[in-house]
Amino acid sequence: NLSALASGTLFAAGGCVIPAGHTVATITFLSATTALGTGTVQQFGLVDADSLAVLAITNDDTSTAWAANTAKTLTLASPYTPAQDKAVYATIVVAASTPPTLRGASLGNAATAGLLTSPKLAGNTADTSLTAHPAVGATIGAITATADLPFVAVG
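Residues numbered from 1 in each chain as written. Predicted model: local features only at pLDDT ≥ 70, side-chain atom pairs only at ≥ 80, totals over all residues. Heavy atoms only, no water.

Asker: Lay out the pattern of salt bridges in plain terms, naming residues and giving numbers.
Answerer: Close approach of charged atoms allows side chains of opposite charge to pair. Tallying each qualifying case throughout the model produces two salt bridges. A salt bridge links D48 to K86; its shortest N-O distance comes to 2.8 Å. Taken together, the residues span a long stretch of sequence, with D48 in strand β3 (residues 37-48) and K86 in strand β6 (residues 86-98) at a distance of 38 residues. Overall, the relative accessible area of 19% leaves K86 in the buried class. When the shortest N-O distance is used, the salt bridge between D61 and K72 registers 2.4 Å. On the criterion of sequence distance, the pair formed by D61 in the loop between β4 (54-57) and β5 (71-80) and K72 in strand β5 is long-range, its members being eleven residues apart. (Salt bridge = Lys/Arg side-chain N within 4 Å of Asp/Glu carboxyl O. Helix = DSSP H or I, 4+ residues; strand = E, 2+ residues; numbered from the N terminus. Buried < 20%, exposed > 50% of the residue type's maximum accessible area, 1.4 Å probe, protein only.)

Below is the structure:
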């Protein structure tokens, strides 16, 4: 059970490389013990790990329920297929009265020590007070490392 997401702040989870020619159509995050409460924005995306350019985003799932301890899979508005191996961040933006907690690994313990080194694997960005995920082609703000790495799947 990781810390709750900050409402309206883009969170980036890295460490993913999409192989050349592999098409990604969905992104899945796992909630932990806190469910979404009164949501207005729920969007996921893929961001280039080098340039921080947004490569793909999902449609906004707005106020659809997201229960505790549940996987939420959202479909990209347009599938993404890199021409060469591409290191990416899987990103999430939730605006809600109660943002969910995410299931993942806390990087502050001995078992995961050293995972949060250069390049950064997870963190919040300078993008705050968002009412939607930044658009494809936009560049996200710098990532400030956190001690949490959520479980995420791209497929």
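Continuing now.
Asker: Quick one: what's the story with the sheet that holds strand β11 (residues 152-154), residue by residue and with numbers?
Answerer: Taken together, the three strands give an open sheet; going across it, the order is β5-β2-β11, and neighbouring strands pair in antiparallel fashion. At either end of the open sheet lies a strand with only one pairing partner, and these are β5 and β11. Shown here is a sheet whose adjacent strand axes are inclined to one another by a mean of 15 degrees, direction ignored. (Pairing = 2+ DSSP bridges. Axes fitted to C-alpha atoms, helices over the stretch in contact; angles between N-to-C directions.)

Asker: I'd like a rundown of the pairing of β6, residues and numbers included.
Answerer: Residues in a regular strand point their side chains to alternate faces of the sheet. Of all 13 residues that make up β6, ten are buried, and the element is covered over most of its length. Here strand β1 (residues 11-18) pairs with β6 via six bridges, running antiparallel. The residue of β6 that forms the bridge with A13 is A90. Sheet topology places β3 next to β6; ten bridges connect them, and they run antiparallel. Within the sheet, the bridge partner assigned to Q42 lies in β6 and is V94.

Asker: How would you summarise the nonpolar core if you had to cite specific residues and measurements?
Answerer: One finds F29, F44, L46, W66, L76, I92 and V94 to be the most contacted residues of the largest nonpolar core, which totals 25 residues. In this structure, A12, V93, A95 and L130 belong to the second largest nonpolar core, which totals 13 residues. (Core = buried A, V, L, I, M, F, W, Y, C linked by side-chain atoms within 4.5 Å.)

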